[in-house]
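Structural overview for review
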Amino acid sequence: MRVKVINKRPASVLQKKRVCAYARVSTDDPRQTSSYELQKNHYQDVVDRNPNWNLVKIYADEGISGTSLQHREAFKQMVQDCEDGKIDLILTKSVSRFARNVVDCIGYVRELLSLRPPVGVFFETEHLNTLDPKSEMILSFMSTLAQEESHTKSEIMNSSMEMRFRR
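Described in the following lines is the structure provided in the data block. What you see is a predicted model; the values in this text were computed from it and never measured.

**What to know about unusual backbone geometry**
- A cis amide bond links Arg116 with the next residue in sequence, Pro117, at an omega value of 0°.
- Structurally, the position occupied by Pro117 is in the loop between helix 5 (102–114) and strand 4 (120–123).
- You will see that His127, though not glycine, has its phi angle at about 50°, which is positive.
- The residue His127 is located in the loop between strand 4 and strand 5 (128–129) in this model.

**A closer look at the state of the cysteines**
- Using the criterion set out here, one finds zero disulfides in the structure.
- With no disulfide of its own, Cys82 lies closest to Cys20 among cysteine sulfurs, the gap being 5.5 Å.
- Taking the relative accessible area as the measure of exposure, Cys82 reaches 3% and is therefore buried.

**A short note on the packing of aromatic side chains**
- One pass over the full model with this rule turns up four aromatic pairs.
- Ring geometry for Tyr22 against Phe75: centres 5.3 Å apart, planes inclined by 80°, an arrangement best described as edge-to-face. Taken together, the residues span a long stretch of sequence, with Tyr22 in strand 1 (residues 17–25) and Phe75 in helix 3 (residues 73–83) at a distance of 53 residues. For the pair shown, Tyr22 and Phe75 are each scored as buried.
- For the ring pair Phe75 and Phe98, a centre distance of 5.1 Å and an interplane angle of 65° mean the geometry is edge-to-face. In this pair, Phe75 sits in helix 3 while Phe98 sits in helix 4 (residues 95–98), placing the two residues 23 residues apart along the sequence.

**Observations concerning the nonpolar core**
- Counting residues in hydrophobic clusters, the biggest one holds 23 residues, and the most contacted among them are Met78, Ile87, Ile90, Phe98, Leu112, Phe123 and Leu139.
- At the level of secondary structure, the elements contributing two or more residues to this core comprise strand 1, helix 3, helix 4, helix 5 and strand 4.
- In terms of residue count, helix 3 provides more of this core than any other element does, five residues in total.
- Tyr43, Val46, Leu89 and Leu91 belong to the second-largest nonpolar core, a separate cluster that totals eight residues.

**Comments concerning the packing of helix 3 against helix 5**
- Relative orientation of the contacting elements helix 3 and helix 5 amounts to 25°, with a least axis distance of 10 Å. When the interaxial angle is binned, helix 3 and helix 5 end up roughly parallel. The handedness of the crossing between helix 3 and helix 5 is left-handed. Here Phe75, Val79, Cys82 and Glu83 of helix 3 come into contact with helix 5, specifically with Tyr108, Glu111 and Leu112.
- Class assignment of the residues belonging to the contact of helix 3 with helix 5 gives a composition of five nonpolar, no polar and two charged.

**What about the pairing of strand 4?**
- By the bridge criterion, four bridges tie strand 3 (residues 89–92) to strand 4 in an arrangement that is parallel. Along strand 4, the bridge assignment pairs Ile90 with Val121.
- In the sheet, strand 4 pairs with strand 5 via two bridges, with the strands oriented antiparallel. Each bridged residue has a counterpart across the sheet, and for Phe123 the counterpart in strand 5 is Leu128.
- Here strand 4 hands over to strand 5 after four residues, with His127 in that stretch at a positive phi of 50°.

Rules used in this analysis
- Residues numbered from 1 in each chain as written.
- Predicted model: local features only at pLDDT ≥ 70, side-chain atom pairs only at ≥ 80, totals over all residues.
- Heavy atoms only, no water.
- Helix = DSSP H or I, 4+ residues; strand = E, 2+ residues; numbered from the N terminus.
- Disulfide = S-S within 2.5 Å.
- Buried < 20%, exposed > 50% of the residue type's maximum accessible area, 1.4 Å probe, protein only.
- Phe/Tyr/Trp six-rings, centres within 6.5 Å; stacked < 30°, edge-to-face > 60°.
- Core = buried A, V, L, I, M, F, W, Y, C linked by side-chain atoms within 4.5 Å.
- Axes fitted to C-alpha atoms, helices over the stretch in contact; angles between N-to-C directions.
- Parallel < 35°, antiparallel > 145°, perpendicular 65-115°, else oblique.
- Left-handed = near helix turned anticlockwise from the far one by under 90°.
- Contact = heavy atoms within 4.5 Å.
- Nonpolar A, V, L, I, M, F, W, Y, C, P; charged D, E, K, R; others polar.
- Pairing = 2+ DSSP bridges.

Laid out in structure tokens, this is it:
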């Protein structure tokens, strides 16, 4: 007689979610370096506290601007690992840490959501999870703010340098 074992819990409950974190600091300033280390430690702790999560990796770009993906090698590797089916969820501090360009931010989120299974991004500061269907409008607004903030900071820096040269 064959005994058939019926598992009453869905497979998603049995498997831990494969989670990664993405951290980025935009300058090589020593104060920013400690921020970078704090972000990495924070996400290790966050994942350790959630019994349904398994930390795959912490991806981090140090001394890199978020306005372009040109030199963000850790970010590119993270996206590739998502495409390779190694990650279920990305944790990041905020929309501005993920991208300071609306097109890149929305584009990558859509790309990650189109994967099977979809990969979500959780923006901690904004409490925004891209697996929530209502998140795209909020994300569009938040990424526009991040882009404008970056633009404003750049203008201030340029004005400051111009004033120094005049003196």
